[in-house]
Amino acid sequence: MSSKMFRLHMLFSLQRRRKYLMKYTRVFLLCLLAGCSICWFNTVCFVLCIKNFSANRPLALSLTIAFNGVSAALYTLAGNAIDSSSNAIYLLLNAIIPLIASIAALIPILRQPSLDPLPPDGVSRDSIIFLILNFLSILTGIYLLLFSSSSYDGTRACLLFGGAIFLLIFPLCIPGIVYARDWFHRTIHSSFRLHGSGFMLVDVEDLELHKELLSRESSYHEIRDETVDVNTGQKSSGEKDGCCDTMVKKDQLAMLGVEHPAWLLVRRLDFWLYYIAYFCGGTIGLVYSNNLGQIAESLGQSSNTTTLVTLYSSFSFFGRLLSAAPDYIRAKVYFARTGWLAIGLVPTPIAFFLLVASGNGVALHIGTALVGLSSGFIFAAAVSITSELFGPNSIGVNHNILITNIPIGSLVYGVLAAVVYDSNVSSSLNIITDSAVCMGRKCYHLTFLWWGCLSVLGLTSSLLLFLRTRHAYDQFEAKRISTT
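On a predicted model such as this, the values are computed, not experimentally measured, just so you know. (Residues numbered from 1 in each chain as written. Predicted model: local features only at pLDDT ≥ 70, side-chain atom pairs only at ≥ 80, totals over all residues. Heavy atoms only, no water.)

(A) How the structure looks around the overall build of the protein. For the protein, the helix and strand inventory stands at 21 helices and two strands. Sequence-distant contacts in the protein: of pairs separated by 6 or more residues, those separated by 24 or more amount to 82%. (Helix = DSSP H or I, 4+ residues; strand = E, 2+ residues; numbered from the N terminus. Contact = heavy atoms within 4.5 Å.)

(B) Representation of a nonpolar patch on the surface. Judged by side-chain polarity, F353, L446, L449, W450 and V456 come together as a nonpolar surface patch covering roughly 410 Å² of accessible area. Counting residues per element, the nonpolar patch draws most heavily on helix α21 (residues 442-483), at four residues. Overall, V456 belongs to the partly exposed group, its relative accessible area being 33%. (Patch = residues over 30% accessible without salt bridge, like charges linked within 9 Å, V, L, I, M, F, W, Y side chains within 5 Å. Areas by Shrake-Rupley, 256 points an atom, 1.4 Å probe, with all protein chains shown as cover. Salt bridge = Lys/Arg side-chain N within 4 Å of Asp/Glu carboxyl O. Buried < 20%, exposed > 50% of the residue type's maximum accessible area, 1.4 Å probe, protein only.)

(C) Structural detail: the environment of F135. Here F135 lies in helix α5 (residues 120-147). Take F135: its relative accessible area is 51%, and that puts it in the exposed class.

(D) Spatial organisation of the packing of aromatic side chains. Applying the stated rule across the entire model yields 16 aromatic pairs. Consider the rings of Y288 and F352, whose centres lie 5.8 Å apart with planes at 75 degrees: the pair is edge-to-face. Here Y288 is found in helix α12 (residues 282-290), whereas its partner F352 is found in helix α17 (residues 347-357), with 64 residues between them in sequence. For the pair formed by Y288 and F352, the shared burial category is buried. With a centroid separation of 6.2 Å and 25 degrees between ring planes, the pair formed by F352 and F448 is classed as stacked. In this pair, F352 is assigned in helix α17 and F448 in helix α21, connecting sequence segments 96 residues apart. Each of the two residues, F352 as well as F448, counts as buried. (Phe/Tyr/Trp six-rings, centres within 6.5 Å; stacked < 30°, edge-to-face > 60°.)

(E) Spotlight on the pattern of salt bridges. Overall, the coordinates contain three salt bridges when judged by the stated rule. The partner of R268 in a salt bridge is D270, and the shortest N-O contact between them spans 3.3 Å. There is no split in this pair, since R268 and D270 are both buried. Here R468 and D270 are joined by a salt bridge, their closest N and O atoms 2.6 Å apart. Taken as a pair, R468 in helix α21 and D270 in helix α11 (residues 269-279) lie far apart in primary sequence, 198 residues in all.

(F) Expanded view of the state of the cysteines. Throughout the structure, instances matching the rule amount to one disulfide. One disulfide bridge connects C438 with C443, the sulfur atoms lying 1.9 Å from each other. When the S-S torsion is -95 degrees, as for the bridge of C438 with C443, the disulfide is left-handed. The exposure class assigned to C438 is buried, which follows from its relative accessible area of 1%. (Disulfide = S-S within 2.5 Å.)

(G) Highlighting the nonpolar core. In this structure, Y143, L144, L256, Y274, Y278, L389 and L402 are the most contacted members of the largest nonpolar core, which totals 57 residues. Examining the composition of this core, we find that 10 residues originate from one element, helix α18 (residues 361-390), more than from any other. Membership of the second largest hydrophobic core comes to 26 residues, among which are F279, V287, I295 and Y312. (Core = buried A, V, L, I, M, F, W, Y, C linked by side-chain atoms within 4.5 Å.)

(H) Examining the confidence of the model for the protein more closely. Here the protein averages 75 in pLDDT, while 73% of its residues score no lower than 70. The low-confidence segment residues 216-240 (pLDDT under 50) makes six contacts with residues lying over four places distant or belonging to another chain. Contacts for the low-pLDDT stretch residues 427-433, under 50 throughout, to residues beyond four places or in other chains number nine contacts. (pLDDT = per-residue confidence, 0-100.)

(I) Inspection of the side chain of T368 at higher detail. For T368, the position within the fold is in helix α18. In terms of polar contacts, T368 uses its side chain to reach the backbone carbonyl oxygen of L364, at 2.7 Å. With near-sequence residues (within four places) excluded, T368 lies in contact with Y288, L292, L308, L311 and Y312. (Polar contact = N/O pair within 3.5 Å; in protein donor to acceptor, adjacent residues only side chain to side chain.)

(J) Quick peek at helix α3 (residues 71-83). When the terminal C-alpha atoms of α3 are compared, their 18 Å separation across 13 residues agrees well with the 18 Å that a helix rising 1.5 Å per residue should span. Those residues of α3 lying buried are A73, L74, Y75, T76, L77, A78, G79, N80 and A81. (Expected span 1.5 Å × (residues − 1).)

(K) Structural view of the packing of α18 against helix α19 (residues 395-402). Direction vectors running N to C along α18 and α19 enclose 120 degrees, while the axes themselves pass 10 Å from each other. Taken together, the axes of α18 and α19 lie oblique to each other. Pair α18 / α19 crosses with right-handed handedness. Facing α18, whose interface residues are A382, V383, T386, S387 and F390, α19 presents I395, N398, H399 and L402. Its residues assigned to classes, the contact of α18 with α19 comprises five nonpolar, four polar and no charged. (Axes fitted to C-alpha atoms, helices over the stretch in contact; angles between N-to-C directions. Parallel < 35°, antiparallel > 145°, perpendicular 65-115°, else oblique. Left-handed = near helix turned anticlockwise from the far one by under 90°. Nonpolar A, V, L, I, M, F, W, Y, C, P; charged D, E, K, R; others polar.)

(L) Local environment of the environment of I403. Position of I403 among the secondary structure elements: in the loop between α19 and α20 (405-423). Put simply, I403 and Y275 are 128 residues apart on the chain and 8.1 Å apart in space, counted from C-alpha to C-alpha.

(M) Structural view of the packing of α11 against α12. Relative to each other, α11 and α12 sit at 20 degrees, their axes nearing to 4 Å. Looking at the two axes, α11 sits roughly parallel to α12. Each of A277, Y278 and F279 in α11 lies in contact with α12, whose residues at this interface are G282, T283 and I284. Of the residues in the contact of α11 with α12, the class split is four nonpolar, two polar and no charged.

Structure, rendered in structure tokens:
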């Protein structure tokens, strides 16, 4: 009797494992297709923004990337409005909404106007539009942060979802409103004028002028340096700089906007410093968000998982919007965008070391908000940095080479978290899921410590990148001021 029961148990276990394998295979294929779609969507959006909004490129990019960050909060509202008790509704929404959005965007993409330079009035008009869009984006983020983290009844959930849809669709009316305002000012009075865009750290026309001026001066500087070496006997080729000077000055970027093909890109030290900064910064934040449900469960906060996901999503949205702040304050405070990248990385190690020090709910919420803010800033700022350092025309290829760190980091950091989690799991099994569950701070304590140390490495790499590129940014700004 016991042997028969054993065979039945083994047969039942085998069938169950086959069922799980089929589910995992479907999930794997869905993730593979979703990952390919994300890369395709992002590349198309980045190229379109750079080509069509050259005068306000960082603002367009920050808005485009920012709304990627509110997808989770928006889907939560939609799921609560349709059927809050069903998890399958999210799969249905993920299948339908991207398809509808793609079809709606296809027509204006295919029927793009000619890419002629905008007149000064057009640049001013676009600047005003982007100001209004950023204001509306902040309102949208606050709305989703306040109302998508809690469950509501059917009628109220539908009203809240309708309000979110209105906030997302309303920006389509802004260009018409601005055109009407321009007509009013041309008809009534013409006292209001904006000469050029003040919201651009690196303008395309200024960049081309900067390249031309540097090329004219390069021969003069070479002759002057040779003369100094001969006449004064300054540092010869045999002398060596210090380690820090070598790291900062070796193969230093001469000017911004120089096109880098892929073979040249991977040979530059600046690119690998940039790669490490992204790998040990934004990618860690992304992996943290993917593990947020399990982290909340291990810390006894499983009832707050939806709130935590919404918190990360909303603060990631605000971080993406903040990436455009350097362009707004350029007239008062000019700072290399790579320096802003280093500043944006600071909250990540703070968040992880806070989670190492304390595992209560408050620390988890604060840490989640800081990681979301930091990673969102990095995701949005990185596109502009790639364009400025390695050329705007090569952005499609170069940025996709950069973000190869995302799947690599997801694998490395995910395996690290899994090893630490499994090493601290209890021997008891969850009968429903047939899986072991780890409870307590020990489940992710060592993982947070590793992630915090790695994020410090990313911060250090971003500081080195800033020191190596600061001269190019300062030189560009000096040339721009001297020609205005």
